[in-house]
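# Commentary on secondary and tertiary structure
If you want the building blocks of each chain, they are given just below.
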Amino acid sequence: MQATERFSTTYGKKALKAHKATNCLTEIMIGSAVHWAQDCKTNGPLAGIPISLKDTIGVEGWDGCIGYSAWVGKPAQEDSALVKLLRDAGAVPFVKTNIPITLLSFESANDVFGRTTNPHKSTHSPGGSTGGEAALLAYGGSRIGIGTDVAGSVRVPAHYSGIYSIKASVGRFLKMGSSTSMPGQEGVAPVYSPMARTLEDLDFFWKAIFMMEPWKYDHSCLPIPWRTINLADKPLKWGVMWDDGVVLPSPACKRALEIVVRTLRKAGHDVVEITPPSPYDALKLGSRLILADGGKTATSPIRFFEWNDSGMVQAMRMFRLPSLLRRLYVMYIRYIKRDEVYAGLLDGWHDKAVVDFWPLVAQREAYKAKWWKFWGDNQLDFILTVPNALPAVPHGGMRNGFSSCGYTFLFNLLDYSAGVLPITHVDKDLDQLGVFSPRNAIEKGAYMDYNADDMHGLPVGVQIVGQRLEEEKVMEGMKVVEKLLKESGMEYKLLDGCDT
């Protein structure tokens, strides 16, 4: 099929159907894409292949307002480094997809484009901040897309929506020339990373990108070619992190992880429970680093009366409290409510001077060293854990669960390569909560949104983690798990009736 036919008969129409069902698109470039496809480079590794893009990604002549009304009507003056590479590879960008304002939410809503819904269940979120991309891919309106991740923003949408993604380590994927809500934020560095409807497509796209030598397009890319790794038919050592010490995985998410653990053990792999350096310490440290400015940069473009995500609204209330009131509130949580976990998190929620910021960076590096030693001492190939404590939350769920991001945020702080693949779906009969006593306010808030009856049928994924710059190995680990699940008759079923 010719590339132009693909747009007119398949991907363009399917993307519009996905948008009608989920409100997932921002910039609809299909008309221009037909002409781009006619002129695409036919000898490239992505010749004629349509690629969907998160709204942040710079495409010459098209907006990248990322939900800020003040940025509407300010199109990119040139293609980003990523889009330049894609065009040289023969790919054709054809749509951009929705995000949350500020990019700091596991939902995707803003006043400019509205709210994106989950194609599996319209009452629930597809994830964020790359939620529009996840909804489009899950529906079948695209096969390959690109998003960003600073606290789980490609992995949580993959988990919520039932698709595949690998978060890159810093320097492994192109990023220059695009929009962001926090330019210059390097405390926990954001990364661009691909997402796909199938693992085969994800594998193909990663390899195609590296065939183009991305370091020749973007100075921030490390000159590391894609490396061949063969893990087939080899016993591997997998460490399982069942609990991050902050929010216990819900029955649905724990069941998905148990399925993978049982399957690997049955196939002869060494699967061990691990107690790594405190993930809670990473959550505290990461939140202090990423919002060291008190959230001012991400919220400054928001106009008066413009809507903001309910989770961010709560966070900003804490940041804007006078220091005396904030200290008194933290003391109340710590000594009256006796919730050291929540108090310890809130204790660092204030804007910081440089003299306060640099010690946090030093703490980050010391924490990374602890994990590096832990990994080596235990001789692990991979770590298995949930991508989030809950499946997709109902709309507005970040109001209660905005601090529940530790299972993904941990690996941003560590700069580890981490992938998510779908395993099963929520089952109202198997995944009821039962008697539950939350250990802290973060866990209590998260579980306010867990309801197995309402979540029935939503996707549930598992996270596979490698060390820094191990994207190839993580890909092969995901292949091992998916192959074993297929052989065991537990192959994940894509959303019915939406395949392209």
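Here the structure is shown first, and the text comes after it.
Model, not experiment: these values are computed from the prediction. (Residues numbered from 1 in each chain as written. Predicted model: local features only at pLDDT ≥ 70, side-chain atom pairs only at ≥ 80, totals over all residues. Heavy atoms only, no water.)

The geometry of an aromatic ring pair is captured by the separation of the ring centres together with the interplanar angle, meaning the angle of the planes. Under the defined criterion, the tally for this structure stands at 19 aromatic pairs. A network of ring pairs unites the aromatic residues Phe173, Trp206, Phe210, Trp215 and Trp226 as a single cluster. The ring of phenylalanine 382 has lysine 473 sitting right over it, with the charged end atom 5.6 Å from the ring centre. (Phe/Tyr/Trp six-rings, centres within 6.5 Å; stacked < 30°, edge-to-face > 60°. Lys NZ or Arg CZ within 6 Å of the ring centre and 35° of its normal.)

Turning to the sheet that holds strand β1 (residues 25-28), a few remarks are in order. Judged by pairing direction, the sheet is mixed, and its 11 strands sit side by side in the order β1-β3-β2-β6-β8-β7-β12-β13-β11-β9-β10 without closing on themselves. Across the chains shown, the open sheet's two edge strands, defined by having one partner strand only, are β1 and β10 (270-273). Here the strands of the sheet are splayed against their neighbours by 30° on average, with no regard to which way each runs. Pairing geometry for strand β6 (residues 144-149) and strand β8 (residues 191-196), over six bridges, is antiparallel. In the strand pairing of β8, threonine 148 is matched with tyrosine 192. Strands in contact with helix α2 (residues 30-38) are β1 and β3 (92-97); relative to β3, the strand with the most contacts, it is inclined by about 160°. (Pairing = 2+ DSSP bridges. Helix = DSSP H or I, 4+ residues; strand = E, 2+ residues; numbered from the N terminus. Axes fitted to C-alpha atoms, helices over the stretch in contact; angles between N-to-C directions. Contact = heavy atoms within 4.5 Å.)

What follows is about a nonpolar patch on the surface. A surface patch of nonpolar side chains, about 830 Å² in accessible area, is lined by Leu324, Leu325, Leu328, Tyr329, Met331, Tyr332, Tyr335 and Ile336. Along the polypeptide, leucine 324 turns up in helix α11 (residues 323-336). (Patch = residues over 30% accessible without salt bridge, like charges linked within 9 Å, V, L, I, M, F, W, Y side chains within 5 Å. Areas by Shrake-Rupley, 256 points an atom, 1.4 Å probe, with all protein chains shown as cover. Salt bridge = Lys/Arg side-chain N within 4 Å of Asp/Glu carboxyl O.)

Looking now at the pairing of β8. For a regular strand, side-chain orientation follows a simple rule: the groups alternate between the two sheet faces. When you tally the buried positions in β8, you get six out of six residues, the bulk of the element. Burial along β8 is two-sided: the residues Val191, Ser193 and Met195 and Tyr192, Pro194 and Ala196 are all buried. Inspection of the sheet shows strand β7 (residues 164-167) paired to β8 by two bridges, in the antiparallel sense. Bridge assignment links tyrosine 164 to a residue of β8, and that residue is alanine 196. (Buried < 20%, exposed > 50% of the residue type's maximum accessible area, 1.4 Å probe, protein only.)

A cis geometry characterises the amide bond from glycine 128 onward to serine 129, with omega recorded as 5°. When you line up the elements, serine 129 lands in the loop between β5 (114-115) and α4 (131-139). Located in the positive-phi region is isoleucine 66, a residue other than glycine, with phi close to 45°. The topology assignment puts isoleucine 66 in the loop between β2 (50-54) and α3 (81-88). Its relative accessible area of 0% is what places isoleucine 66 among the buried residues. We note that leucine 469 has phi near 65°; this positive angle belongs to a residue other than glycine.

Attention now goes to the side chain of glutamate 472. Along the polypeptide, glutamate 472 turns up in helix α17 (residues 471-487). Polar contacts involving the side chain of glutamate 472 include one to the side chain of arginine 172, which spans 2.6 Å. (Polar contact = N/O pair within 3.5 Å; in protein donor to acceptor, adjacent residues only side chain to side chain.)

Another aspect to go through is the pairing of strand β11 (residues 382-385). Here β11 shows two buried faces, one formed by Phe382 and Leu384 and the other by Ile383 and Thr385. Two elements, strand β9 (residues 237-240) and β11, share three bridges in a ladder whose sense is parallel. Bridged to glycine 239 within β11 is isoleucine 383. Alignment of β11 against strand β13 (residues 459-465), held across three bridges, turns out to be antiparallel. The residue of β13 that forms the bridge with isoleucine 383 is valine 465.

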